[in-house]
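Chain by chain, the residues:
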Amino acid sequence: DDDATNSNKDKVDRHKPLLPQLQSKFEKSQSYGSDKINFSMVSAAYETFESVAYMLLGFLPFLWDKACSIGSTHFGYDETNDEIKVTLIFLLLVTLVGTVTALPFELYSTFKIEKKHGFNKMTIGLFISDKIKSLLLTFIIGGPFVALLLKIIKMGGDKFYLYVWAFMSVFSLFMMTIVPVFIMPLFNKYEPLKDGPLKDSIYALAGKLKYPLTKLFVMDGSKRSSHSNAFMFGFGSNKRIVLFDTLLTQVHDEEILAILGHELGHWKLGHTLANLFITQFYSGITFYTFSLCYSSHDLYRAFGFEGGSRPIPTMIALLLFFQTVWAPIDKIISFMMTIFSRVNEFAADKFSVDLGMSRDLQTGLCKIHLENLGAMCPDRLYSIYHYSHPPLVERLRAMMELDKKSK
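The rules behind each value
- Residues numbered from 1 in each chain as written.
- Predicted model: local features only at pLDDT ≥ 70, side-chain atom pairs only at ≥ 80, totals over all residues.
- Heavy atoms only, no water.
- Helix = DSSP H or I, 4+ residues; strand = E, 2+ residues; numbered from the N terminus.
- Buried < 20%, exposed > 50% of the residue type's maximum accessible area, 1.4 Å probe, protein only.
- Lys, Arg positive; Asp, Glu negative; His and termini not counted.
- Charge placed at Lys NZ, Arg CZ, Asp CG, Glu CD.
- Pairing = 2+ DSSP bridges.
- Axes fitted to C-alpha atoms, helices over the stretch in contact; angles between N-to-C directions.
- Contact = heavy atoms within 4.5 Å.
- Core = buried A, V, L, I, M, F, W, Y, C linked by side-chain atoms within 4.5 Å.
- Expected span 1.5 Å × (residues − 1).
- Bend = angle between axes of the 7 residues up to and from the residue.
- Parallel < 35°, antiparallel > 145°, perpendicular 65-115°, else oblique.
- Nonpolar A, V, L, I, M, F, W, Y, C, P; charged D, E, K, R; others polar.

Draft legend 1. Structural view of the overall build of the protein. Within the protein, the secondary structure is distributed over 15 helices and four strands. Judged by the C-alpha coordinates and their principal axes, the protein covers about 75 × 50 × 40 Å. Counting all 407 residues of the protein, 41% fall into the buried class. Charge separation in the protein, taken as the distance between the mean sites of 42 positive and 39 negative side-chain charges, equals 4 Å.

Okay, here's the thing in structure tokens:
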């Protein structure tokens, strides 16, 4: 009861001036940010230690041998003729080990840090239920995906990366289709937004921008967290918008419209399509580079796989490639994508401002930022590298400059 009372006291009053509330939230925001950064450093240090330990101790070769042993003893599998089946056993072991080692960090983040700062609404029972569902989905979808991927690599010859590229493109579109419709409802409840002025205004905005909105949902995000959000999904003429129930209680209807104006700006300006094309291009370059390293036995020997009479498993080749050769390249590309994302955020803000929603977007973003205890004044270089969205202060400054120019 005390936690609920304190949480209510800390909530942003959307009817009162924001500046005094911002000042009162500053210390809480700094504390939340500090806790998250400290936790991320400890977590990253452990992950580095684990990776180095696994490498020095030959953990991957050990797990592969264990998978071969299980497959041979219980199912009569041979690692040469039944490599894909043995690989699925290997990935099962890797997933189970990874789940166990990550569990303490997930529990601490959810039930210590998020609860301490008033965000976590999840129970242990719901946490366990989510974890079981996630693992089952990993096996049900991930198993056939890996089996097909390995089959294509083995049958594709020297140009296998082209076939893998096509397969990954189709699979990503398939997942974009089924995740919102079939998978996300396994974790959250989606109900149509009730009839009223907000619903009418959203459909009117979508119509004005020629956005083919067919369904408008409210998601019960509050059963896990008091964080708020809104997102869009769908292909062609079947678009949908989802609002977190927490968002509806934190901002006014006009501010929700301005926020959706920003999100619709991403669609209207082609950011969504651009990200899709970039992702597919990234996938193609990645697997082309992998094809150049696929036959490098020196790489596998360096990590404890002797080769010789035993063929190097394709999945092991993939894992070593992504963990070693591709990792530094991925860091560079990820940073470039972060810069691209920040540019797009400013452009989407401008789109909403051009719709005449500047004031509502600014106040709406401020309220959400305060509710989520977002970083008030992050280090400039740190935010450039880590934040896919520009800091709030920078976005507000840019919008105010646009307002001045329009007068």
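From this point, things continue past the structure.
Draft legend 2. Focus on the sheet that holds strand β1 (residues 190-192). Taken in spatial order, the four strands line up as β1-β2-β4-β3 in an open sheet, and their pairing is mixed. This sheet does not close on itself; its edge strands, each paired only once, are β1 and β3 (230-235). Each adjacent strand pair in this sheet contributes to an overall mean axis angle of 30 degrees, direction not counted. Relative to the sheet, helix α7 (residues 197-208) contacts β2 (213-219) and β4 (238-244), its axis offset from that of β2 by approximately 140 degrees.

Draft legend 3. Up close: the nonpolar core. Formed by 42 residues in total, the largest nonpolar core has its most connected members in Phe90, Leu149, Phe287, Phe290, Phe305 and Leu318. When residues of this core are traced back to their parent elements, those giving at least two are α3 (59-75), α4 (83-116), α5 (124-155), α6 (160-183), α10 (271-293), α11 (297-302) and α12 (314-354). The element best represented in this core is α6, accounting for nine residues. If sequence neighbours within four positions are ignored, leucine 149 has contacts with Val164, Phe167, Phe287 and Leu318. In terms of nonpolar packing, the next biggest core, distinct from the first, is built from 37 residues, Leu193, Leu209, Leu213 and Met357 among them.

Draft legend 4. Local environment of α5. Relative to the 46 Å expected for 32 residues at 1.5 Å per residue, α5 spans 45 Å between its end C-alpha atoms, a close match to the ideal helical length. Along its length, α5 reaches its greatest deviation from straightness, about 35 degrees, at glycine 142, and the proline proline 144 lies no more than four positions downstream. Listing the buried residues of α5 in full gives Leu126, Phe127, Asp130, Leu135, Leu137, Gly143, Phe145, Val146, Leu149, Leu150 and Ile153. Those residues of α5 that are buried are in contact with α4, α6, α10 and α12. A positive backbone phi angle near 70 degrees is found at glycine 157, which sits one or two residues after α5.

Draft legend 5. Structural context of the packing of α4 against α12. Running from amino to carboxyl end, α4 crosses α12 at an angle of 45 degrees, the nearest separation of the two axes being 9 Å. In terms of orientation, α4 and α12 fall into the oblique class. Between α4 and α12, the residues in contact are Glu83, Thr87, Phe90 and Leu91 and Thr314, Met315, Ile316 and Leu319, respectively. Residue classes in the contact of α4 with α12 are distributed as five nonpolar, two polar and one charged.

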